[in-house]
Amino acid sequence: MDYPQIFARALDRLRRERRYRVFAEIERDAARFPRAIWHSPAGAREIVVWCSNDYLGMGRHPAVVEAMAETARRTGAGAGGTRNISGTSRAIVELEAELADLHAKESALVFGSGYVSNETGIATIAKLLPDCLILSDEANHHSMIEGVRRAGCEKAVFRHNDVAHLEELLAAAGNRPKLIVCESLYSMDGDLAPLAAICDLAERYRAMTYLDEVHAVGLYGKRGGGIAERDGVMHRIDVIEGTLAKAFGVIGGYLAGKSETIDAVRSFAPGFIFTTALPPPIAAAATASIRHLKSSSHERERLQAQARKTRAALARAGLPMLASETHIIPVMVGEAGVCKAASDLLLTQHGIYLQPINEPTVPKGTERLRVTPTPFHDDELIAQLADALVKTWKALDLPFASKAEAAE
């Protein structure tokens, strides 16, 4: 059996389908964000990053960096093991208290990543509910799909954001335990879930709710609690899952909810029990970021202002975008090879990094460039982006959305 050849054939298939992933070597510049250094085959070159999930630039905020550095000097770089083996650091205790307060919940639990918190959180909660039926939005993130799969429970997938379909499934389920699993902000299309309507159904049919706020925490709501806080339904959600790696600029995932629910996950979840804890410097940095964004709305307001300007500039240029009221702006291409070619042209010819989003992240035929402005993308950078995209669209003979394309 030639095992390497099996893997080589699988990789060749990806290459033929133009879906083979090539990573650009990029060095972030904390002093000049969103500018960075691309270590290209021809040498180092300055570029502008337009697709970072560090949505507010908090990964380079002085208070966040100092909290990490000071804690590392005092406690060392690592955690030393799992929380069951090495104990729980004071930094994680403080972080979990901040997260519980952020979402107005009784308790919170931190994981090594948002993927792990979703996968192990959903699976553990559903397994503990006897004869549980999981009702999952069809557009949920892969980490949520894996959590549903690992739960081993019966599942029902409802059409994306379709509350009528969700109600049909809830009504058919009867009195058994039910867990509704959805996101607040879907990161590839930039659309929002009808949270109030979902909460109404959950209460009517006595279902438990599990909400992924990964792309919304820090960004929406008076204190950055997410779309649920913005929409006034945070108290109606049973479990909120979030990340520390996007708006908060660090790394890690978490769950927040009633103390019994969170303690059950802490006590039964393999993804928590057998995983090394977040290092104290990381936890301290995340706490500093959350505390800042609870009291400062400047970053959120600036982000939304620049996102509106970016969307308007791309619309004037006639570029094909999905409708979105959020900070995520999908520019549609529709074919994997062309999407990669557009990304390559933007980087090599215009110094703009926008990674291609291909299958399986999005369905085949909906490949796109996902633009994510930050508060630091000023008006000049927005104009440069629009101009570069127009030139790229023309170079590749891509269709524009309207006659508004630039005439040059």
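None of these values were measured; they are calculated from a predicted model.

*Asks:* How would you summarise the overall build of the protein chain if you had to cite specific residues and measurements?
*Replies:* From N to C terminus, the protein chain includes 15 helices and 14 strands. Whereas a compact globule of 408 residues would reach a radius of gyration of roughly 22 Å, the protein chain reaches 22 Å, a difference of no more than 12%. Counting over 408 residues, the protein chain shows a buried share of 52%. For the protein chain, contacts bridging at least 24 residues in sequence account for 71% of all contacts bridging at least 6. Carbon and sulfur atoms make up 54% of the accessible area of the protein chain, which totals about 18,100 Å².

*Asks:* I'd like a description of the sheet that holds strand 1 (residues 26–28), backed by residues and values.
*Replies:* In space, the four strands of this open sheet follow the order 1-2-3-12, with mixed pairing throughout. At either margin of the open sheet sits one strand with a lone partner, and together these are strand 1 and strand 12 (352–353). Summarising the sheet, strand 3 (residues 43–49) and strand 12 pair through two bridges and their orientation is parallel. For Val48, the partnering residue across the bridge sits in strand 12 and is Ile352.

*Asks:* Any chance you could break down a nonpolar patch on the surface for me, citing the residues and the numbers?
*Replies:* On the surface, a cluster of nonpolar side chains totalling about 520 Å² of accessible area is made up of Met1, Tyr3, Ile6 and Phe7. Relative to the assigned elements, Phe7 resides in helix 1 (residues 3–16). Given a relative accessible area of 57%, Phe7 falls into the exposed group.

*Asks:* Can you lay out the environment of Phe158 for me, pointing to particular residues and giving the numbers?
*Replies:* Within the fold, Phe158 resides in strand 6 (residues 154–158). Taking relative accessible area as the criterion, Phe158 reaches 1% and is therefore assigned buried. With residues up to four places along the chain from it excluded, the contact list for Phe158 reads Leu135, Ser136, Asp137, Glu138, His165, Leu166, Leu169, Ile180 and Val181.

*Asks:* Give me the lowdown on helix 6 (residues 142–151), citing residues and values where you can.
*Replies:* Residues Ser143, Met144, Glu146, Gly147, Val148 and Ala151 constitute the buried set of helix 6. Tucked inside the fold, the buried residues of helix 6 contact helix 5 (114–128), strand 5 (133–137), strand 6, strand 7 (178–183) and strand 8 (208–212). Directly beyond the C-terminal end of helix 6, a positive phi value near 70° is found at Gly152.

*Asks:* Kindly report on the packing of helix 5 against helix 6, identifying the contributing residues and their values.
*Replies:* Axis separation between helix 5 and helix 6 bottoms out at 7 Å; the angle between their running directions is 30°. Accordingly, the angle class assigned to the pair helix 5 and helix 6 is roughly parallel. By crossing handedness, the relation of helix 5 to helix 6 is classed as right-handed. Contacts between helix 5 and helix 6 pair Tyr115, Asn118, Glu119, Thr120, Ile122, Ala123, Ala126 and Lys127 from the former with His142, Ser143, Met144, Glu146, Gly147, Val148, Arg150 and Ala151 from the latter.

*Asks:* If you had to explain the state of the cysteines to someone new, which residues and values would you point to?
*Replies:* The final tally for this structure, using the stated rule, is zero disulfides. No disulfide involves Cys132; its nearest neighbouring cysteine sulfur is the one of Cys153, lying 4.9 Å away. For Cys182, which is in no disulfide, the shortest distance to another cysteine sulfur is to Cys199 and amounts to 8.1 Å.

Each value, and the rule that gives it
- Residues numbered from 1 in each chain as written.
- Predicted model: local features only at pLDDT ≥ 70, side-chain atom pairs only at ≥ 80, totals over all residues.
- Heavy atoms only, no water.
- Helix = DSSP H or I, 4+ residues; strand = E, 2+ residues; numbered from the N terminus.
- Rg over C-alpha atoms; globule rule 2.2 N^0.38 Å.
- Buried < 20%, exposed > 50% of the residue type's maximum accessible area, 1.4 Å probe, protein only.
- Contact = heavy atoms within 4.5 Å.
- Areas by Shrake-Rupley, 256 points an atom, 1.4 Å probe, with all protein chains shown as cover.
- Pairing = 2+ DSSP bridges.
- Patch = residues over 30% accessible without salt bridge, like charges linked within 9 Å, V, L, I, M, F, W, Y side chains within 5 Å.
- Salt bridge = Lys/Arg side-chain N within 4 Å of Asp/Glu carboxyl O.
- Axes fitted to C-alpha atoms, helices over the stretch in contact; angles between N-to-C directions.
- Parallel < 35°, antiparallel > 145°, perpendicular 65-115°, else oblique.
- Left-handed = near helix turned anticlockwise from the far one by under 90°.
- Disulfide = S-S within 2.5 Å.

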